[in-house]
Amino acid sequence: MNILVTGGAGYIGSHTCVELINSGHEIVVVDNFCNSRPEAVSRVKSIAGSDFPFYEMDVRDEEQLGRVMEEHRFDCVIHFAGLKSVGESVAKPIKYYDNNIGSTIALCKAMSKHGVARFVFSSSATVYSGGNVMPLTEDAALGCINPYGWTKLMCERILTDFAAAEDWSVALLRYFNPIGAHESGLIGEDPSDIPNNLLPYISQTAIGRLDKLHVFGDDYDTVDGTGVRDYIHVVDLAKGHVAAVGYCAEHTGVEAVNLGTGRGTSVLQLVAAFERMSGVKVAYDIAPRRAGDLAICYADPSRAQRIFGWSAEKSVDDMCADAWSWQRQNPMGYRE
Ligand code: NAD
Ligand code: WQD
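Presented here is a report on the structure given in the accompanying data block.

The rules we used
- Residues numbered from 1 in each chain as written.
- Chains lettered and ligands numbered in written order.
- Predicted model: local features only at pLDDT ≥ 70, side-chain atom pairs only at ≥ 80, totals over all residues.
- Heavy atoms only, no water.
- Salt bridge = Lys/Arg side-chain N within 4 Å of Asp/Glu carboxyl O.
- Buried < 20%, exposed > 50% of the residue type's maximum accessible area, 1.4 Å probe, protein only.
- Helix = DSSP H or I, 4+ residues; strand = E, 2+ residues; numbered from the N terminus.
- Pairing = 2+ DSSP bridges.
- Right-handed = clockwise from strand over helix to strand, strands pointing away.
- Arc of directions from axis to C-beta.
- Contact = heavy atoms within 4.5 Å.
- Phe/Tyr/Trp six-rings, centres within 6.5 Å; stacked < 30°, edge-to-face > 60°.
- Lys NZ or Arg CZ within 6 Å of the ring centre and 35° of its normal.
- Near = heavy atom within 4 Å.
- Polar contact = N/O pair within 3.5 Å; in protein donor to acceptor, adjacent residues only side chain to side chain.

1. Side note on the pattern of salt bridges
Then step 1. Enumeration over the complete set of coordinates arrives at 22 salt bridges.
Then step 2. In this structure, the salt-bridge partner of Lys45 is Asp51, at a minimum N-O distance of 3.0 Å.
Then step 3. A relative accessible area of 64% places Asp51 in the exposed class.
Then step 4. Salt bridges sharing common partners tie together Glu138, Asp139, Glu255 and Arg303.

This is the structure in structure tokens:
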């Protein structure tokens, strides 16, 4: 298929571009580099061993989007482009609503005009409200506690309504906690600031860019008192998108689908796995709980298995080994 990938220079987008090309798809990538670097696109091309058109542009620019849609005939759009920092979204909510919802609406309009009827959307487990029983099925109660989460839930709503009106096929992919990197170590997660997420914080501590990890709370009702999450290897996640594209080609309507492993890992278990796979000791202290954190969050991934024929294959050890390989080969990310 011919696929437009928005945000393809970013962490999940870059890994997905590699898997799409490996699976025989033709891609066109757009990104405005607001949270990524051109080097990521070059590296995707070198891993995949093939070239593809790239446009540096804001997805909200309807005129430019129209030109891209006129130059290429697309069968499907995968929309990664979006801002994702929970804390920043609380401080700058309009920036988040404008970018995340504005880009989705601009795409819907352009797709409708150009007869593109398949949409794969980057949603998040953050759309599930607290108080659900684990594991989370797609039918669990929805609700958010920060603007970032609301942008995802609102986009899900917009796409659901649009799909019904236009007879589209839409996959709302709810990611759990993507970590790790491509096995080549050439592409990986490259936070532009001090990381908010656990694994990049661990690996930047291990490489010496940060002094020590702060473990947010050790008094939860979990295996060792620290928070439990469903970490998924980013390459497994990328393959989930390839499966979703295949599904959309054969079905119409909307499906919300969890992309997770169904397994929970605590903060200290992840630290231990990282130390084992890297051979480096990770300094940490115990800090107060972080506001808004759940004790435990993990997926029921059975719908993805049933309708996409996809399930995650890689272990937490694989995730740590690959994250470390990326960090060791690129201590400053793409900046060098
Ligand atoms: P990322 O920041 O690495 O990638 C997003 C990319 O989109 C970046 O390259 C950025 O430059 C680009 N972008 C943002 N706004 C744009 C715009 N208006 N026009 C053009 N390009 C734009 O983030 P990621 O981790 O790869 O996440 C990809 C998507 O998945 C995001 O929508 C994010 O909200 C969602 N998501 C991420 C996670 C996670 O933990 N990483 C979890 C759940 C959902
Ligand atoms: C994981 C665990 C922390 C950092 C976030 C977003 C969510 C989604 C994925 C986009 C928790 C603990 C963390 C640190 C720590 N993103 N932790 N010290 O909060 O599950 O999800 O990223 O959609 O929307 O909220 O991921 O990696 O921040 O935290 O102890 O320095 O690690 O308390 O238990 P989270 P995370």
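Once the structure has been displayed, the description carries forward.
2. Comments concerning the pairing of strand β2 (residues 26-31)
Then step 1. Most of β2 sits inside the fold, with five of its six residues counted as buried.
Then step 2. As defined by bridge partners, strand β1 (residues 2-6) adjoins β2 across five bridges and the pair is classed as parallel. For Leu4, the partnering residue across the bridge sits in β2 and is Val28.
Then step 3. Between the parallel elements β1 and β2, the chain passes through helix α1 (residues 11-22) in a crossover that is right-handed.
Then step 4. The handedness of the β2 to strand β3 (residues 54-56) crossover, carried by helix α2 (residues 38-48), is right-handed.

3. Concerning the sheet that holds strand β14 (residues 296-297)
Then step 1. A sheet is described by the order of its strands in space; here three strands give the open sequence β12-β9-β14, paired in mixed fashion. If you trace the sheet from one side to the other, it starts and ends with β12 (265-266) and β14, each paired once.
Then step 2. The pairing of strand β9 (residues 228-229) with β12 spans two bridges and is antiparallel. The partner of Arg229 across the bridge, within β12, is Thr265.

4. Quick notes on α2
Then step 1. Of all the residues in α2, the buried ones are Ala40, Val41, Arg43, Val44 and Ala48. Buried residues in α2, looked at end-on, bunch into an arc of 165 degrees, giving them a common side.
Then step 2. Those residues of α2 that are buried are in contact with α1, β3 and α11 (316-329).
Then step 3. The first or second residue beyond α2 is Gly49, which carries a positive phi of 65 degrees.

5. What to know about the packing of aromatic side chains
We describe a pair of aromatic rings using the distance from one ring centre to the other and the angle between the two ring planes.
Then step 1. What the rule picks out here adds up to seven aromatic pairs.
Then step 2. For the pair Phe33 and Phe54, a centre-to-centre distance of 5.3 Å together with 25 degrees between the ring planes defines the contact as stacked. Of this pair, Phe33 sits in the loop between β2 and α2 while Phe54 is found in strand β3, placing the two residues 21 residues apart along the sequence.
Then step 3. Clustering of aromatic rings is evident, with ring pairs tying together Phe119, Phe121, Phe162 and Trp168.
Then step 4. One cation-aromatic arrangement involves Lys45 over Phe52; the distance from NZ or CZ to the ring centre is 5.0 Å.
Then step 5. The side chain of Arg289 reaches across the aromatic face of Tyr220, ending 4.0 Å from its centre.

6. Topic: the pairing of strand β5 (residues 118-124)
Then step 1. Buried residues dominate β5, accounting for six of its seven residues.
Then step 2. Sheet topology places β5 next to strand β6 (residues 169-175); seven bridges connect them, and they run parallel. Bridge pairing in β6 links Phe119 to Val170.
Then step 3. Since β5 and β6 lie parallel, the crossover through helix α6 (residues 147-166) that links them has a hand, and here it is right-handed.

7. Structural notes on the site of ligand 2
Then step 1. Taken together, 19 residues surround ligand 2, and among them Tyr148, Leu198, His214, Arg229 and Asp293 come closest.
Then step 2. Here an oxygen atom of ligand 2 and a side-chain polar atom of Ser124 are 2.9 Å apart.
Then step 3. Within the side chain of Arg229, an N or O atom sits 2.6 Å from an oxygen atom of ligand 2.
Then step 4. Secondary-structure elements contributing two or more residues to the shell around ligand 2 are α7 (198-207) and β8 (213-216).

Spatial relationships are all this shows, so hold off on functional conclusions.
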